[in-house]
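# Analysis of the macromolecular model
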Amino acid sequence: MIKCIVCDAKYDLNDIIYTCNNCGSILEVLCEPDVSRDIFKCRKSTMWKYKEFMPVDPAKIVTLEEGGTPFCKCDKLGEKLGVELYVKVEGSNPTGSFKDRGMSVGITKAIELGVNTVGCASTGNTSASLAAYAARAGLRCIVLLPSGKVALGKLAQAMFHGAEVFSVRGNFDEALETITALALEGQLYLLNSVNPFRLEGQKSIGFEIVDDLGWKSPDRIILPVGNAGNISAIWKGVKEFHRAGFIEDLPMMTGIQAEGAAPIVRAIRENKEDIIPFENPETVATAIRIGAPVSAIKAIRAINESNGFAETVTDEEILSAQKLLARTEGIGVEPASAASIAGLIKLLENGEVDKNEQIVCVVTGHLLKDPNTAINACVEPVEVNANIEELSSIITRG
Ligand code: F0G
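Residues numbered from 1 in each chain as written. Predicted model: local features only at pLDDT ≥ 70, side-chain atom pairs only at ≥ 80, totals over all residues. Heavy atoms only, no water.

So, on to the site of the ligand. In the vicinity of the ligand lie 20 residues, with Ser122, Thr126, Asn227, Ala228 and Thr364 positioned nearest. Between the ligand and the protein, one listed contact pairs an oxygen atom with a backbone N or O atom of Ala228 at 2.8 Å. Take Asn230: an N or O atom from its main chain is 2.8 Å from an oxygen atom of the ligand. Protein chains shield 99% of the accessible area of the ligand, which is 480 Å² for the free molecule. Under a 2 Å grid-point criterion requiring more than half of the atoms, the pocket assigned to the ligand is the largest cavity. Secondary structure elements with two or more residues in the shell around the ligand: helix H3 (125–137) and helix H8 (229–243). Residues of the shell around the ligand, tallied by class, amount to 8 nonpolar, 10 polar and 2 charged. When we break the shell around the ligand down by domain, the ones giving at least three residues each are domain 2 (71–96 + 198–376) and domain 3 (97–195). (Near = heavy atom within 4 Å. Polar contact = N/O pair within 3.5 Å; in protein donor to acceptor, adjacent residues only side chain to side chain. Areas by Shrake-Rupley, 256 points an atom, 1.4 Å probe, with all protein chains shown as cover. 1 Å grid on protein atoms, 1.4 Å probe; cavity = no way out; pocket = protein on both sides within 12 Å on 5 of 7 lines; lining within 4 Å. Sits in = over half its atoms within 2 Å of the grid points. Helix = DSSP H or I, 4+ residues; strand = E, 2+ residues; numbered from the N terminus. Nonpolar A, V, L, I, M, F, W, Y, C, P; charged D, E, K, R; others polar. Domains from an automatic or database assignment.)

The next subject is helix H2 (residues 99–113). Note that an α-helix has 3.6 residues per turn; residues three or four places apart therefore point the same way. Given a rise of 1.5 Å per residue, 15 residues ought to cover 21 Å, and the 21 Å separating the end C-alpha atoms of H2 matches this to within 8%. For H2, the tally of buried residues reaches 12 of 15 residues, placing the bulk of the element in the interior. Within H2, the full set of buried residues consists of Lys99, Asp100, Arg101, Gly102, Met103, Ser104, Val105, Gly106, Ile107, Thr108, Lys109 and Ala110. Next to the buried residues of H2 lie strand S5 (84–89), strand S6 (117–121), H3, strand S9 (189–190), helix H6 (196–202) and helix H7 (204–212). Remark: Gly114 follows H2 within two positions and exhibits a positive phi of approximately 80 degrees. (Expected span 1.5 Å × (residues − 1). Buried < 20%, exposed > 50% of the residue type's maximum accessible area, 1.4 Å probe, protein only. Contact = heavy atoms within 4.5 Å.)

Attention shifts here to the sheet that holds strand S3 (residues 27–29). With antiparallel pairing, the 3 strands of this open sheet are ordered in space as S2-S1-S3. Each end of this open sheet is capped by a strand with a single partner; those strands are strand S2 (10–11) and S3. (Pairing = 2+ DSSP bridges.)

The quantities given are spatial measurements derived from coordinates; they are silent on function.
Next comes the structure, spelled out in structure tokens:
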């Protein structure tokens with residue numbers, strides 16, 4: 001069943017619906033299987049390990065074996081910061097971001113519904129993922145991207161997998177409004193995270209974190225927030241496992257936004273239940289350059305219900321955390337993903353996060369998604385002749 005999160009109106013799982021007909025709010029899928037966690041034993045480590053919690057026919061899934069991503073204990077960085085730190089590396093998914101989890105369920109649902117065209121607006125990763133899964137399923141794919149603001153790797157992926165890519169004169173929020181209008185006319189099946197099936201896939205990040213910790217919740221999960229689907233999805237996931245009796249406690253959900261695109265942080269600070277959009281969002285972390293997140297209400301609830309927190313970080317803090325993670329732990333992430341590490345550093349400095357906490361930072365996309373930003377942060381290679389004496393004298397100089 002699909003349910004409105006505000007007025008509780010109910011819809012059939014096969015209704016093509018994105019917002020409530022009754023009150024206009026966003027929706028969620030209800031999924032409460034009566035199973036024991038023993039059934040997960042000995043299953044392959046992909047997100048489909050938890051298939052009973054996915055609202056699609058498991059016999060007909062469209063998958064690239066997403067999920068089952070590395071859960072790295074980061075002792076060096078943890079020691080530096082003075083906390084027990086784990087990093088969930090979502091860049092290891094098939095197209096290099098967590099979006100693949102949502103797309104596997106979303107495209108499976110699209111096939112169940114019998115649609116032939118799918119679409120999304122995107123800051124990049126959603127479009128890369130949708131293009132790949134649509135190709136795998138043989139569906140037509142239409143993608144709207146904010147002109148000039150999509151990192152190179154993501155654009156290459158969307159185009160290379162055969163999506164019809166449009167560069168919109170405007171920002172992500174305007175692109176999303178446009179593609180939503182097309183979807184409501186019935187021209188395509190919308191696979192942005194306003195589609196509640198997307199979040200059903202992404203909730204598996206929460207499943208994996210507590211499974212990786214030996215059926216225990218960490219004290220806190222920190223992640224970047226843009227359109228606000230992922231923090232809502234992870235919270236839904238851990239709550240479902242809690243309700244099923246698989247874990248005893250719940251984590252404090254902590255969302256990090258870029259200073260120039262922080263409507264959710266502002267709402268939390270002002271104790272509001274919904275956001276006032278940022279009209280001109282701006283940040284180097286283009287993935288989260290979003291002013292009017294569609295899942296804001298869910299995200300604000302997740303943060304408040306879990307006794308979590310929301311904080312902003314500057315572009316400088318993001319880029320320095322990106323480099324710190326890459327150089328102390330060997331984990332290469334795109335700028336938006338580094339917002340979680342930058343956020344942790346800031347929250348430890350201002351005392352909001354306790355040093356005794358066990359922390360999981362979710363890093364959402366791979367370093368190679370945004371090669372330009374990475375290259376700009378480095379000095380150019382030294383050009384040398386293929387000559388051992390010359391090279392040796394440079395290396396010994398340090
Ligand atoms: N990190 C990365 C790398 C992202 O691509 C996104 C969102 C987020 C974090 C934020 O997640 O929107 O669920 O709060 N990217 C979307 C896109 C908007 O179009 O690729 P969120």
